[in-house]
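# Analysis of the macromolecular model
Listed here are the chains, written in short residue letters.
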Amino acid sequence: MRYFLDTEFNGFCGDLISIALVPEDERQTPFYAAIECSSPTPWVVEHVLPVLKIEPVPRTRVADLFADYLSDDPRPVLVADWPEDIAHAARLLVTGPGLMKPVRNIRFELVDGELVSSGASSAVPHNAYHDALRLRADVLAYEARLAM
């Protein structure tokens, strides 16, 4: 199944703050989690932390929850519109030198956000869950236009 991915992170190439996966199938439960951020940038303090809407937990806990969420899907495809989102999701699976969470056959797809964007922003900008919802809507609408 495809999951639409978005993350928020602490500045350019900074640590992961939140991650969301919104399944293509709207009947499936999405994934959304936040990680404790000890030294947020001023921009993150102003734009990201106020809209998290969930309590941050330790990174190891988010990694466990993320891997558990994907574990029942034999071939998950994570779709993102920004390379850093993919990098953060992949790094979340790494548990140590040569070790990773038991998520196999995972694929990542990078779409051109400019191409698929409806031009509308998410309902709650800089909230990974709402941004992932917007990405799903944009990609599915774009694919529907192509199918016509």
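Now for a description of the structure that goes with this document. (Residues numbered from 1 in each chain as written. Predicted model: local features only at pLDDT ≥ 70, side-chain atom pairs only at ≥ 80, totals over all residues. Heavy atoms only, no water.)

### Remarks on the overall build of the protein
Let me state the cut-off plainly: Helix numbering and strand numbering both begin at the N terminus, where a helix is a DSSP run of H or I of at least 4 residues and a strand a DSSP run of E of at least 2. A radius of gyration in this sense is built from C-alpha atoms; the matching globule rule multiplies 2.2 Å by the number of residues raised to 0.38. Exposure is judged per residue with a 1.4 Å probe applied to protein chains only, and the accessible area is read against the type maximum: over 50% gives exposed, under 20% gives buried, and values in between give partly exposed. Contact definition: two residues touch when any of their heavy atoms are within 4.5 Å. Per-residue and other accessible areas were derived by the Shrake-Rupley procedure at a 1.4 Å probe size, with only the shown protein chains allowed to occlude residues.
The number of helices and strands found in the protein is five helices and seven strands. For the protein, the sequential pattern of α-helices and β-strands runs β-β-β-α-α-β-α-β-β-β-α-α. Over its C-alpha atoms the protein spans a radius of gyration of 15 Å, differing by no more than 12% from the 15 Å that the globule rule assigns to 148 residues. Across its three principal directions, the C-alpha atoms of the protein cover 50 × 35 × 25 Å. The proportion of buried residues among the 148 residues of the protein is 40%. Within the protein, contacts between residues separated by at least 24 positions form 64% of all contacts whose residues are at least 6 apart in sequence. When the accessible area of the protein is evaluated, it comes to approximately 8300 Å², of which 56% is carbon and sulfur surface.

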